[in-house]
Amino acid sequence: MSSDGLNLPGADRAIRLLLVGATDEQAGWLRGLLQKSKTLRFETLRVAAIDPAQGEQSAAPRVDAVLLFCPTADPTELEALVSAGIAFPECASLVIADLEDEHFAMEALAGGARVALVRGGLTASALVSALLAAIASHRTIRALGVARKRERHLGNHDQLTGLANRYLFNDRLQQAVAAAGRNGRKMAVLFIDLDNFKLVNDTLGHGVGDGLLRSVAGHLSSSLRESDTAARVGGDEFALLLTNLHDELDAERIARKILSALDHPIELRDRSISCTVSIGIATLPGDGSDPKELVRKADTAMYHAKKRGRNRCEFYTDDMNEAVLRRVQLEGGLRTAIQDGSLRLHYQPLFDLRRERIVGAEALIRWQHPELGFLAPADFLPLAEETGQIVTVGEWVLQTACRQNVRWQRGGNEGFRMSVNVSARQLLEADFVDQVREALMTSGLSPELLDIEITESSLVSDAEVTVNALRALSELGVHISIDDFGTGYSALSYLKHLPIDALKIDQSFVRSLKSDPADATIIQAVVMMARGLNLTTVAEGVETHDQLLLLGSYGCNRMQGYLFGRPVEAEAFEERLRDPTFHWHRGDEESPGD
Ligand code: C2E
Ligand code: MG
Ligand code: MG
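Rules used in this analysis
Along every chain, residues carry numbers that run from 1 in the direction the sequence is written. For this description, chains carry letters from A and ligands carry numbers from 1, given in the order in which they are written. For this predicted model, a pLDDT threshold of at least 70 governs which residues receive local features, and a threshold of 80 or more governs which side-chain atom pairs are given and counted, while totals over whole chains, interfaces and linings are taken from all residues. Hydrogens and water molecules were not included; the side-chain quantities draw on all heavy atoms of the structure. A run of H or I in DSSP counts as a helix once it spans at least four residues, and a run of E counts as a strand once it spans at least two, with each numbered from the N terminus. Per-residue accessibility, obtained with a 1.4 Å probe over protein chains only, is compared with the maximum for each type, and a residue is labelled buried under 20%, exposed over 50%, and partly exposed between these values. Throughout, a residue-residue contact means that at least one pair of heavy atoms, one from each residue, lies within 4.5 Å. Areas reported as accessible are Shrake-Rupley estimates using a 1.4 Å probe. Residue values count occlusion only from the protein chains shown. Paired strands, as defined in this entry, are two strands with at least two bridges between them according to DSSP. Note on geometry: axes are C-alpha line fits, over the in-contact stretch for helices, and angles between N-to-C directions span 0 to 180 degrees. The rule for donors is simple: N, O or S, within 2.8 Å of the metal, or within 3.2 Å if the metal is Na, K or Ca. Water isn't counted, so a site may look like it is missing partners. Near, as used in this document, describes a residue that has one of its heavy atoms within 4 Å of the molecule or strand being considered. Distance and chemistry together define a polar contact, namely a pair of N or O atoms within 3.5 Å, with one atom able to donate a hydrogen and the other to accept it when in protein, and with adjacent residues in sequence counting only for side-chain atoms on both sides. Take a side-chain nitrogen of Lys or Arg and a carboxyl oxygen of Asp or Glu: if they are within 4 Å of each other, that pair is a salt bridge. Handedness of a crossover is defined as follows: with both strands directed away from the viewer, a clockwise route from the first strand across the helix to the second makes it right-handed. When charges are counted, Lys and Arg are positive and Asp and Glu negative, with His and the chain ends excluded. Any pair of Phe, Tyr and Trp rings, taking the six-membered ring for Trp, is counted once the centres come within 6.5 Å. Such a pair is stacked with planes under 30 degrees apart, edge-to-face with planes over 60 apart, and tilted for the rest. Here a helix's expected span is defined as the number of its residues, less one, multiplied by 1.5 Å.

Colleague: Describe in detail the overall build of the protein chain, supporting the description with residues and values.
Modeller: For the protein chain, the helix and strand inventory stands at 21 helices and 21 strands. Out of the 594 residues belonging to the protein chain, those deemed buried represent 47%. Of the contacts formed within the protein chain by residues at least 6 apart in sequence, a portion of 69% connects residues at least 24 apart. Only carbon and sulfur atoms are counted for the fraction: they give 51% of the accessible area of the protein chain, which is about 29500 Å².

Have a look at this one:
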């Protein structure tokens, strides 16, 4: 509550009173009493009557209290007086009656007057005290009103951005859906999520994160009409409610307006930050008329906007729902997949051209899903990365592949290598190096026979943690390869600083090796650079003899691809190991598949 309520006028300035309806005699009597006060000064202003419709605007200068003189006990006169007093919400109102009638005073109070005084026998000090009490209590009541209003606002609004919160949003959504049901108008729910907000928050600090959220909130509010609602419904999630739309395209127009407003970097105090958002849209009546359903569908559409590259908006469609159901099915299934044996490793041969034989294998994961059937890594690994399940899955891959390699070593394939793919997320785990050490120890595999494959993009994500992990792995004696090399758009300087052993040239370059001279040039350059840095090159996706010969002529000695064998289960791979040499079958390029 503000201290204003206690800071009464009087000491520093006169108390201003507006006398309404007072006769000359009454005004004289009142002034006479007030002058007796030794400490307070009063100024009086007289008007014959007040038009309640005009209220305060008619009274200048501002007054502290309105004194309403009631000439008779006529109830209609009293009512008119009291409503005139109510027309002055900013100041206290007192009714002063000429009559010796307590009953009349009670009626005046019941009618809304704060204080009712009966003139007969009223002393100066009683009048002054009543006046001060009326002014003070009026201020207290006003301050309480302001505090209550503020409290209501806080309960319904997000403190950081000042936007509506989830409760108010849901409430307005419910009302809007009901109204749309009555008036048949269209409406839309937009679900908005910041792209890469976590990265900003983690790397630049929460202060910058908060500034960014406030700024985005400002952009959202200014993209809306008065009747729409913008809310912050989660950490970096916002929702918009658009009502009375002509058609769905209105919603898209607003979404595009938001996207283009955020197209320019946001200026925060001492830096500017690029911030994009992904937006999902659900509309009524198209997507139903259940408020919860609309929010869920807008959220699903937002998720798809992220999947399709972020910084875009998507309308909800029913196929998206299927994708979400599938996602839930996958996420749940993956939790038990390791125990129930439905995750498998397939092995693809690594071929050495100079020795003309298979010298190793790459472990590639597959999932025999009980309902969805055979799943390739692309079907479930992105989700496993997102949910963090990749950490447990990856640990299982490491252990299984190491154990398998030891089995093959013991079967007479000494020096046989095993490559294991490791995702960026695994490298960020504090105990990743311990997991590798553990897998080597329990299986008994020599570290130099294990190749850890990482992609260029995992080097970008969190330099220091990743660099430390790679150094520790290298000290263990494990080899490190860069997978899908050439697709990562990263600066190559890391090749100098990091303990890397091999570059695996991405299959996209190999695929068009013969038809596209640019790809041939890139591969030659990579092989030359690798030689200069004392790195091995491995070509991926080799499917034809022509590719094999060209790659060989560039000096690329190691290769993988269907030409040497598709990824197969361990038992089938053992067949291949019985005769690990390469047989030239020109004109018969296709190897049997898995
Ligand atoms: P990658 O590590 O680059 O693996 C090579 C991919 O190319 C494999 O696909 C392989 O089956 C395919 N491939 C091999 N030779 C040929 C060829 O001659 N022609 C064509 N068209 N394709 C060929 P796959 O098994 O679907 O794996 C895809 C990606 O999934 C892998 O790419 C790897 O990045 C990831 N992955 C697989 N297993 C694991 C795993 O256990 N952990 C992690 N983190 N990632 C994995
Ligand atoms: Mg790989
Ligand atoms: Mg690759």
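Colleague: So, the sheet that holds strand β3 (residues 65-70): which residues are in play, and what are the values?
Modeller: Strand order in the open sheet formed by five strands is β2-β1-β3-β4-β5, and the pairing between neighbours is parallel. The open sheet has two edge strands, β2 (42-47) and β5 (115-118), and neither has a second partner. In this sheet, neighbouring strand axes are inclined to one another by 25° on average, regardless of whether the strands run parallel or antiparallel. Judged from the four bridges that link them, strand β4 (residues 92-97) and β5 form a sheet pairing that is parallel. Residue pairing for β5: alanine 97 is matched across the bridge by valine 118. In the packing of helix α1 (residues 24-35) onto the sheet, contacts are made with β1 (15-20), β2, β3 and β4, and the angle to β2 comes to roughly 170°. Most of the contacts of helix α4 (residues 124-156) go to β4, to which it runs at about 150°, and overall it touches β1, β2, β3, β4 and β5.

Colleague: Outline the coordination of the magnesium ion (ligand 2), listing residues and values.
Modeller: Looking at the magnesium ion (ligand 2), the protein donor atoms are Glu362 (OE), Asn421 (OD1), Glu453 (OE) and Asp483 (OD), and they sit 2.0 to 2.2 Å from it. All donors of the magnesium ion (ligand 2) come from a single chain, and their spacing in sequence reads E-x58-N-x31-E-x29-D. Between the two metals, the magnesium ion (ligand 2) and the magnesium ion (ligand 3), the spacing is 4.3 Å, and aspartate 483 donates to both. A residue pair is termed long-range when its members are at least 10 positions apart, and glutamate 362 in strand β14 (residues 357-369) and glutamate 453 in strand β17 (residues 450-455) qualify at 91 residues. The class of glutamate 362 is buried, set by a relative accessible area of 3%. Glutamate 453 sits in the buried class, given a relative accessible area of 2%.

Colleague: Go over the site of ligand 1 with me, naming the residues and quoting the values.
Modeller: Around ligand 1, the structure places 23 residues, and the nearest of them are Arg366, Asp483, Gln507, Glu543 and Tyr562. A distance of 3.0 Å separates an oxygen atom of ligand 1 from a polar atom in the side chain of glutamate 540. Protein burial of ligand 1: of its 790 Å² of free accessible surface, 81% is covered by the chains. Only β14, α11 (377-387) and β18 (479-485) provide two or more residues apiece to the shell around ligand 1. With four residues, the single largest contributor to the shell around ligand 1 is β14.

Colleague: Tell me about the pattern of salt bridges, and name the residues and values.
Modeller: Should the charged atoms of two oppositely charged side chains come close, the side chains can pair. The full count for this structure, using the stated rule, is 24 salt bridges. Ionic pairing is found between arginine 232 and aspartate 158, a salt bridge with its closest N-O pair at 2.9 Å. In this pair, arginine 232 is assigned in strand β7 (residues 229-234) and aspartate 158 in the loop between α4 and α5 (166-183), connecting sequence segments 74 residues apart. Considered together, arginine 232 and aspartate 158 belong to a single accessibility category, that of buried residues. Ionic contacts of the salt-bridge type, sharing partners, join the residues Asp193, Asp195 and Lys306 into one network.

Colleague: Can you lay out the pairing of β2 for me, pointing to particular residues and giving the numbers?
Modeller: Pairing of β1 with β2, which is carried by six bridges, proceeds in the parallel orientation. By the bridge assignment, arginine 16 is partnered in β2 with glutamate 43. In the classification by handedness, the crossover that spans β1, the intervening α1 and the parallel β2 is right-handed.

Colleague: Mind laying out the side chain of aspartate 236, listing which residues take part and the relevant values?
Modeller: Its place among the elements puts aspartate 236 in the loop between β7 and β8 (237-245). For aspartate 236, which is buried and forms no salt bridge, the nearest opposite charge comes from lysine 306, at a distance of 5.7 Å. Sequence-distant contacts of aspartate 236, that is, excluding residues within four places in its chain, are made with Ile192, Asp193, Leu194, Phe197 and Leu213.

Colleague: Before we move on, can you summarise the coordination of the magnesium ion (ligand 3) with the specific residues and values?
Modeller: Protein-derived ligands of the magnesium ion (ligand 3) are Asp483 (OD), Asp484 (OD), Glu540 (OE) and Glu540 (OE), with the metal-ligand distances lying across 1.9 to 2.4 Å. The sequence pattern formed by the donor residues of the magnesium ion (ligand 3) is D-D-x55-E. Using a relative accessible area of 26% as the deciding quantity, one classes aspartate 484 as partly exposed. Classification of glutamate 540 by relative accessible area gives buried; the value is 8%.

Colleague: Can you break down the packing of aromatic side chains residue by residue, with the values?
Modeller: Enumeration according to the criterion identifies nine aromatic pairs in this entry. For the pair phenylalanine 351 and phenylalanine 564, a centre-to-centre distance of 4.4 Å together with 15° between the ring planes defines the contact as stacked. Pair noted here: phenylalanine 351 is in strand β13 (residues 343-352) and phenylalanine 564 is in the loop between β21 (558-559) and α21 (570-578), with a separation of 213 residues, a long-range link. Each member of the pair, phenylalanine 351 as well as phenylalanine 564, is classed as buried.

Colleague: How would you explain unusual backbone geometry if you had to name every residue and give the values?
Modeller: Of note, the bond from leucine 284 into proline 285 is cis; its omega dihedral lies within 30 degrees of zero at 15°. As for its placement among the helices and strands, proline 285 is situated in the loop between β11 (277-284) and α9 (291-307).

Colleague: So what's going on with the pairing of β13? Residues and values would help.
Modeller: Among the 10 residues that make up β13, nine are buried, leaving the element largely enclosed by the rest of the structure. In sequence, β13 turns back onto β14 through a hairpin of four residues, with glutamate 356 there showing a positive phi of about 50°. Strand direction decides the pairing type here: β13 and β21, joined by two bridges, are antiparallel. Bridge pairing links aspartate 352 to arginine 558 in β21.

Colleague: Kindly report on helix α8 (residues 248-261), identifying the contributing residues and their values.
Modeller: Taking 1.5 Å as the rise per residue, α8 with 14 residues should run 20 Å; its terminal C-alpha atoms sit 20 Å apart, in good agreement. Residues of α8 that are buried include every one of Asp250, Ala251, Glu252, Ile254, Ala255, Ile258 and Leu259, and no others. One side-chain oxygen at the N-terminal end of α8 lies 3.0 Å from the backbone nitrogen of leucine 249; it belongs to aspartate 247.

Colleague: I'd like a rundown of the sheet that holds β11, residues and numbers included.
Modeller: Taken in spatial order, the five strands make up an open sheet running β7-β8-β6-β11-β12, and their pairing is mixed. The open sheet terminates on both sides in strands that have one partner only, identified here as β7 and β12 (313-315). Adjacent strand axes in the sheet meet at a mean angle of 20°, parallel and antiparallel pairs treated alike. Strand direction decides the pairing type here: β11 and β12, joined by three bridges, are parallel. Looking across to β12, one finds that glycine 280 is bridged to glutamate 314. Contacts from helix α7 (residues 206-222) reach β6 (186-194), β7 and β8, with the element oriented near 5° to β8. Contacting β6, β11 and β12, α9 runs over the sheet at an angle of about 145° to β11.

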